[in-house]
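Structure assessment
Chain by chain, the residues run as shown.
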Amino acid sequence: MSGRSGGVSYPPVGWSANRRPTKSHERRPATSTPTTSNLLTVGRAADRLGVHANTVRAWTDRGLLSCLRINARGDRRYRQQDIDRFLARANVEIRTDKRGWGRNGASPHEPGTEIDYSSRGSAVLDEVARLSAEAEDFDRLVSDVAVVMCTVADYASAALAGAEDRLIPLVGRMRTDRRVVDNVIATRLPTVTRTRRDDGTYRAGVPVPGTDGSIRVMLLSGTPETRSEQEEGLLRAVAAQLATAARMRTRMVNAAEGQRRAELLMAISSDLGSHLDLPVVLSELVDRATELFGADHGAVFSRLPNGAFKARATRNLSAEFTQLIEHASKLPVAEVAFEERRVVTVADYPDDPRAFEVRRGLVREGINTITVAPLLSDNEPLGALVLYHDAHFEWAAEPLALLEQLANQAAMMLRNAQNYSQMATWAAQLQSIQQLGSRLTRLRTVADIGQAICTELNQLIDFHNVRVYRVEESSCVPVAWRGEIGEYEGEDMEQLKLKVGEGITGWVAQYGLAQNVGDAANDRRARTIPGTEDDLDESLLLAPMLYEDEVIGVIVLAKLGLNRFSSDDLRLLEIYASIAAQAMANADATERLRAQSEALSRQLNNRRELLRVTESILSTLDTQAVLEEIAERLNSLVRVDNICVDVHDQRAGLLRPIFARGVQAPQYLVATIPDHEGVGGYVLQTGEAQLVQDQLADERVIHFADLGPEPGAMIVAPLRGADRIRGVLTIERLGADARFAEEEFELVKLFAAHVSIALQNAEAHRAVELRAETDTLTGLWNHGALIEQIDRLVAQREDFAMLMVDLDFFKKYNDRFGHQAGNVMLQQIAAQLRASCRETDKVFRYGGDEFALLLPNSSLAGARTVAEKVQDAVRSVSDGRPAPTPLTCSIGIAVFPKDGDDGPSIILAADRACYAGKRGGRARIATAIEGLALAEEFRPTEPTPGQPTLSDPVSREPSYSAA
């Protein structure tokens, strides 16, 4: 066995009187096989030897006694013959000891025997010093020293006694001597009494200091009657050795305990540190702390910003008690712990005046002692670890220090767990933001994005109301909003709309800075929405939507109550707002591209339509028809309320309307204006088309006097001729919100250019037509035009009368004065014919000296009246020369449909009537009926083809028969 077991190597010499050593020859021989009856337990072996059981164990560990191990636990059994042999050997050693521990074999306990302490003291002290150096257990050391005192110093027995009556036998048998015990405990010095015992010995006591600070006494019996100074010195030296060993043992125990606690703290820290789930860490911390310090209840409370506490993990505490703690206005013990940065413990806490708010709960839970360990991180209070003991509990310094170390370690772990939890929360939030942002970026319109923000943002932040604004020039325009409780329901756009810089929202739009407003009602920037309470307790969270350092919108969250949003909420909203800004910018770009695409598509369609319109109007050569076509086609390209075409009268210096369509066409048709006034005058002078988006704000616009100023927009474009601007095209769109798009302006300008070409073509064509239909000498309509006009009137079934006028004896005038004079005379007659007719009547040169008049809507009587005027007009013509005969004319009248049902028959009837007038004596007016009487003798002749002149006159003189 190992020599560090704490046992001694000396055989006993001081066993009790009833256990005297026997002669070796008196022992029975040992049997070869031990039986159950001759096997002794440790206790029975100690009784047979007369020593304490610990002494038997020590001798066995030293190898002085043999034993048997009877089971796996190592229980010992001793053979009786081995015990007897040990006794015999010990008796021989005592009697033959060279150090003279007895005289002539006499018992050391015999009366009158004098012990030589000077020769044995050094041996005792050496052995005690050796045992003290090797001892690992102090109680075992005391037992071993007792054996040394009995074996080396020749004391008969030894026992250990305390302040109480309990006596612990160490070597041999002994009864308690209270006088010795009390004297030693009182003086803390070894003392030898003078009381003689029945066996003739006296008692001595050695103080044995405990490692816990207590004092016990080692009683030694068998001392001589005479008190020896050597014995006194030996006992003092042994007491000093034991005191030194006790101190060393205390230090070792303290060091071991410190090491054990440090290892325990490291184990707890390692175990708790392996968890990053905050609830698990807190629950483990409470469980370990209550077990380590023997607490009956425990809890970890977090400290809120307002100073209140929130239970995060509890053990053996009721929900009612934790709620009582959470709702307490003040916890003084915890406040002291936070303020002084140390562990604070209070015993008998229910009787403490500071516990008045929680006393009822303490009594109900049965708590007596409360201990608060603050959890501090960088001097910031995170919370508190609180332990509760049901009984009165006094903390020793070392456990209290350990609790403080545990709290410090727990604070760091709590901070790490919080950081991890925060990071996990942030990661989850960022993932949510990314998912929400990805949905936003898939939307294509600002309105859809605004609605998505209103419906999805509450997945990140809790709120009662949300509003999404777009910044448009100087205004904050709400594009979406949503209220989840009554105070925010029923909001509309007009209520929410505001200017940049107005209210907290306008301030954020102006400066681009996010805001967490804990008390919106008392913020100097606040603007109360009409119809809401001025002093409503409301918290606001606002973040600008920034795109390329420009605020394009603002997100506003509202919640009832004060300080309802955290800094984390603001951070989340800022991140989300930046994503929303990108989504809105993308939507804007998409909208612009779509608008551009639609504009290009419209332009392409408009150009195609313009080509069709151009083809249509260019194929129309009648001016009026061209204008009608312009009005109809332009309305298919651009929505207009009014359209007007004005031509420039250079001689009068005016713009004269020739065409108007629309709601104000009557006003446009009579509005003749100077060519240097109005928007039309400006276009006429500059040749540049003008777009007026606000007619009320443009001073050039001339408003109709009878209508007054009206809001609207207009476009005025020039109509160009070959050498100058011939007029202007005006289109107008009425209304306060009326506007023309830039593409519409460009289209109208292009359309006006095409209109100019169409009008020029129509004008040129009309000029050709006029030349073809006009007599070059007189300027009257020619024969071909007469045929066309008659056919048109017949086709329209319109009543009319025709006068055929033939000059009498004009050939004689022409022959006498020459062709040139004849031409002049014909021109004067033509002028007189035009003057004698109505505006609706038309005059034609039918032949050389023949004329025709068409009188629309005229009867025979009306035609006769006109014929008489014509005769008077012809008679009035004079060139100042003496005429051979007076200049007169014969006139024939035919009326449609009375005198003919088509053009040729009417012409024939009028021609025949004219012949009848001539036949009747000239200078006469004849009707178709009169001409019909001469039908048999009338031979109609065609006028000279083309444009006859006086150089080749056609005579319609009647031919007479020979009769």
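Owing to the predicted nature of the structure, the values given are computational and were not obtained by experimental measurement. (Residues numbered from 1 in each chain as written. Predicted model: local features only at pLDDT ≥ 70, side-chain atom pairs only at ≥ 80, totals over all residues. Heavy atoms only, no water.)

1. Examining a negative patch on the surface
Taken together, E788, D791, D901 and D902 make up a surface patch of like negative charges. By relative accessible area, D901 is classed as exposed at 53%. (Patch = residues over 30% accessible without salt bridge, like charges linked within 9 Å, V, L, I, M, F, W, Y side chains within 5 Å. Areas by Shrake-Rupley, 256 points an atom, 1.4 Å probe, with all protein chains shown as cover. Salt bridge = Lys/Arg side-chain N within 4 Å of Asp/Glu carboxyl O. Lys, Arg positive; Asp, Glu negative; His and termini not counted. Charge placed at Lys NZ, Arg CZ, Asp CG, Glu CD. Buried < 20%, exposed > 50% of the residue type's maximum accessible area, 1.4 Å probe, protein only.)

2. Some words on the sheet that holds strand β16 (residues 498–499)
The strand order β16-β15-β14-β19-β18-β17 describes an open sheet built from 6 strands, whose pairing is antiparallel. Two strands bound the open sheet, and with one partner strand each, they are β16 and β17 (515–517). (Pairing = 2+ DSSP bridges. Helix = DSSP H or I, 4+ residues; strand = E, 2+ residues; numbered from the N terminus.)

3. Focus: the pattern of salt bridges
On inspection of all chains with the given rule, the structure shows 24 salt bridges. Across the salt bridge formed by R130 and E127, the nearest N and O atoms sit 2.2 Å from each other. With a gap of 3 residues between them, R130 and E127 both fall in helix α4 (residues 117–134), about one helical turn apart. Residues R700 and D698 are paired through a salt bridge, measuring 3.0 Å at the closest nitrogen-oxygen approach. You can call R700 partly exposed: its relative accessible area is 26%. Each of D287, E291 and R315 takes part in one network of salt bridges that share partners.

4. Observations regarding the packing of aromatic side chains
This model, assessed by the stated rule, comprises 10 aromatic pairs. Here the aromatic rings of W781 and F844 are separated by 6.4 Å at their centres, their planes lie at 45°, and the arrangement is tilted. Of the two residues, W781 sits in the loop between α20 (742–773) and α21 (783–795) while F844 sits in strand β27 (residues 842–845), which places them 63 residues apart along the sequence. We classify F844 as buried; its relative accessible area is 0%. Ring geometry for Y813 and F817: centres 4.6 Å apart, planes at 50°, overall tilted. Of this pair, Y813 and F817 both sit in helix α22 (residues 810–817), 4 residues apart, which is roughly one turn of the helix. Residue F817 is classed as partly exposed on the basis of its relative accessible area, which comes to 23%. A connected cluster of aromatic rings, assembled from ring pairs, spans F293, F393 and W395. (Phe/Tyr/Trp six-rings, centres within 6.5 Å; stacked < 30°, edge-to-face > 60°.)

5. Comments concerning unusual backbone geometry
Of the consecutive residues F896 and P897, the connecting peptide bond is found in the cis state with omega at 10°. Tracing the sequence through the fold places P897 in the loop between β29 (889–896) and α25 (903–919). At R341, a position not held by glycine, the phi torsion is positive, near 55°. Here R341 is to be found in the loop between α10 (332–340) and β11 (344–346). For E548, which is not glycine, the phi dihedral falls at a positive 55°. On the accessibility criterion, E548 (66% relative accessible area) is exposed.

6. What about the confidence of the model for the protein?
Looking at the protein, pLDDT values average 77 and 77% of them are 70 or higher. Across residues 1–33, where pLDDT falls below 50, the model places 85 contacts with residues more than four positions away in sequence or in other chains. Taken together, the stretch residues 92–115 has pLDDT below 50 and engages in 27 contacts with residues farther than four places along the chain or on a different chain. (pLDDT = per-residue confidence, 0-100. Contact = heavy atoms within 4.5 Å.)

7. Describing the sheet that holds strand β26 (residues 800–807)
Ordered in space as β27-β28-β26-β29-β30, the 5 strands form an open sheet in which the pairing is mixed. Two strands bound the open sheet, and with one partner strand each, they are β27 and β30 (925–927). Along the sheet, successive strands turn relative to each other by an average axial angle of 20°, direction set aside. (Axes fitted to C-alpha atoms, helices over the stretch in contact; angles between N-to-C directions.)

8. Considering the pairing of strand β9 (residues 297–303)
β9 sits mainly inside the fold: 6 of its 7 residues count as buried. Bridge count for β9 against strand β13 (residues 380–389) is 6 bridges, and the pairing is antiparallel. Bridging across to β13, F301 finds its partner in A384. As paired strands, β9 and strand β10 (residues 309–315) are joined by 6 bridges and run antiparallel to one another. The residue of β10 that forms the bridge with F301 is A311. Counting the residues between successive antiparallel strands, the hairpin from β9 to β10 contains 5 residues, one of them, G307, with a positive phi of roughly 95°.

9. Examining the side chain of S302
Secondary-structure assignment places S302 in strand β9. Within the local environment of S302, its side chain forms a polar contact with the side chain of R312, the two groups lying 2.8 Å apart. The residues touching S302, leaving out its near neighbours within four places in the chain, are A308, F309, K310, R312, L382 and G383. (Polar contact = N/O pair within 3.5 Å; in protein donor to acceptor, adjacent residues only side chain to side chain.)

10. So, the environment of E472
Here E472 is to be found in strand β14 (residues 465–472). For the pair E472 and V500, spaced 28 residues apart in the sequence, the C-alpha separation amounts to 9.0 Å.

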